[in-house]
Amino acid sequence: MNITLWIVTAVLALLFLAAGTMKIAQPKAKLAAAGQGWAEDFSDGTVKGIGSLEVLAALGLVLPALLNIATVLVPLAAAGLAVLMVGAAITHARRGEKPSVLINAILGILAAGVAIARFGPYGF
């Protein structure tokens, strides 16, 4: 089970690191033109803030466990991502973007699973 959790955690970390970096590095208009229309509903600062949260959470998923320092941050980061995905799903649902809602739900469930497992029986 620990190996499965590490695989899920690594996949989540890579996905959120890439998504967050993209939100930080690109202007809002470019994100919207690239198919992320939700960015039009938010300010530049909010989009950058969301990206920053995703990058920090991605780092928080793996670095504390790898360094064996403050390992409680791993399930906290996963829980934070689950909450972030709830907000993302709500935003996409309001815009009628059903495929994105499904993706948010899957990522949120995976993040919540990591949080529950690492807070519970498979903690560090």
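Report on the accompanying structure. (Residues numbered from 1 in each chain as written. Predicted model: local features only at pLDDT ≥ 70, side-chain atom pairs only at ≥ 80, totals over all residues. Heavy atoms only, no water.)

With that settled, consider the overall build of the protein. Assigned secondary structure in the protein consists of five helices and zero strands. For the protein, the sequential pattern of α-helices and β-strands runs α-α-α-α-α. Taking 2.2 N^0.38 as the reference for a compact globule, 124 residues should give roughly 14 Å; the C-alpha atoms of the protein span a radius of gyration of 15 Å, in line with that estimate. In the protein, which comprises 124 residues, the share counted as buried stands at 38%. By sequence separation, contacts in the protein at least 24 residues apart represent 62% of the contacts at least 6 residues apart. Element-wise, carbon and sulfur atoms account for 73% of the exposed surface of the protein, whose accessible area totals about 6,800 Å². Taken together, the 8 basic and 5 acidic charged side chains of the protein have centroids lying 5 Å from each other. (Helix = DSSP H or I, 4+ residues; strand = E, 2+ residues; numbered from the N terminus. Rg over C-alpha atoms; globule rule 2.2 N^0.38 Å. Buried < 20%, exposed > 50% of the residue type's maximum accessible area, 1.4 Å probe, protein only. Contact = heavy atoms within 4.5 Å. Areas by Shrake-Rupley, 256 points an atom, 1.4 Å probe, with all protein chains shown as cover. Lys, Arg positive; Asp, Glu negative; His and termini not counted. Charge placed at Lys NZ, Arg CZ, Asp CG, Glu CD.)

For the rest of this paragraph, the subject is a nonpolar patch on the surface. A cluster of nonpolar side chains, namely L17, L56, L59, L63, L66, L67 and I69, defines an oily patch on the protein surface of about 660 Å² accessible area. Note that L56 resides in helix α3 (residues 44-67). Look at L56 and you get exposed, because its relative accessible area is 55%. (Patch = residues over 30% accessible without salt bridge, like charges linked within 9 Å, V, L, I, M, F, W, Y side chains within 5 Å. Salt bridge = Lys/Arg side-chain N within 4 Å of Asp/Glu carboxyl O.)

Counting residues in each nonpolar core, the largest one holds 20 residues, and the members touching the most others are L12, F16, L61, L81 and M85. Considering each element in turn, this core owes the most residues, seven residues, to helix α4 (residues 73-94). In this structure L12 touches L61, L107, L110, A111 and V114, once residues within four positions along its chain are discounted. (Core = buried A, V, L, I, M, F, W, Y, C linked by side-chain atoms within 4.5 Å.)

Between α3 and α4, the least distance of the axes is 8 Å, while the angle of their chain directions is 155°. With respect to their mutual orientation, α3 and α4 come out roughly antiparallel. α3 and α4 meet at a crossing whose hand is left-handed. Between α3 and α4, the contacting residues are E54, A57, G60, L61, P64 and A65 on the first element and L73, V74, A77, A78, L81 and L84 on the second. Its residues assigned to classes, the contact of α3 with α4 comprises 10 nonpolar, one polar and one charged. (Axes fitted to C-alpha atoms, helices over the stretch in contact; angles between N-to-C directions. Parallel < 35°, antiparallel > 145°, perpendicular 65-115°, else oblique. Left-handed = near helix turned anticlockwise from the far one by under 90°. Nonpolar A, V, L, I, M, F, W, Y, C, P; charged D, E, K, R; others polar.)

Worth remembering: the numbers are spatial, not functional.
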